[in-house]
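Understanding the architecture of this molecule
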Amino acid sequence: VTTNDPTYREIPKGTPQERIQASHRGYDVQGPLQDMNCLFPIHRFQELEHEGGIGSLAETNYSFNGSIEDLSLLQEWPHQVARKMREEGVKAVFITPA
């Protein structure tokens, strides 16, 4: 993982855990590699959706690099992601820090 990476990843709702990677300079990622839900709880939310505990999940989920020291790099993608979420009809977001 490099610092100042202002990109984001689009993760489709049905992505299997083995296709989601975890990389971080600040802590051991063995837990997330064994069960991504401790970091990116998409499968727990799919269970809640299936049980009727929540409405439908967005088809696209997003992952961002948290090591962005140069905030001037954050001029475009927050607006792009917000636009994409509006177009998809997202009404609420769940953010997990890592």
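See above for the structure.
All of the points below concern the structure found in this document. (Residues numbered from 1 in each chain as written. Predicted model: local features only at pLDDT ≥ 70, side-chain atom pairs only at ≥ 80, totals over all residues. Heavy atoms only, no water.)

The next thing to look at is helix α2 (residues 42–51). An α-helix turns once per 3.6 residues; consequently, residues spaced three or four apart project the same way. Of all the residues in α2, the buried ones are Ile 42, His 43 and Glu 49. Mapping the buried residues of α2 onto a view down its axis gives an arc of 110°, with all of them on the same face. Turning to α2, the residues buried within the fold contact β2 (60–64). Once α2 ends, the next one or two residues include Gly 52, with phi positive near 85°. (Buried < 20%, exposed > 50% of the residue type's maximum accessible area, 1.4 Å probe, protein only. Helix = DSSP H or I, 4+ residues; strand = E, 2+ residues; numbered from the N terminus. Arc of directions from axis to C-beta. Contact = heavy atoms within 4.5 Å.)

Residue placement: Glu 18 occurs in the loop between β1 (8–12) and α1 (30–34). Along the backbone, Glu 18 and Asp 35 are 17 residues apart, and their C-alpha atoms lie at a distance of 9.4 Å.

Taken by themselves, the reported measurements are silent on function.
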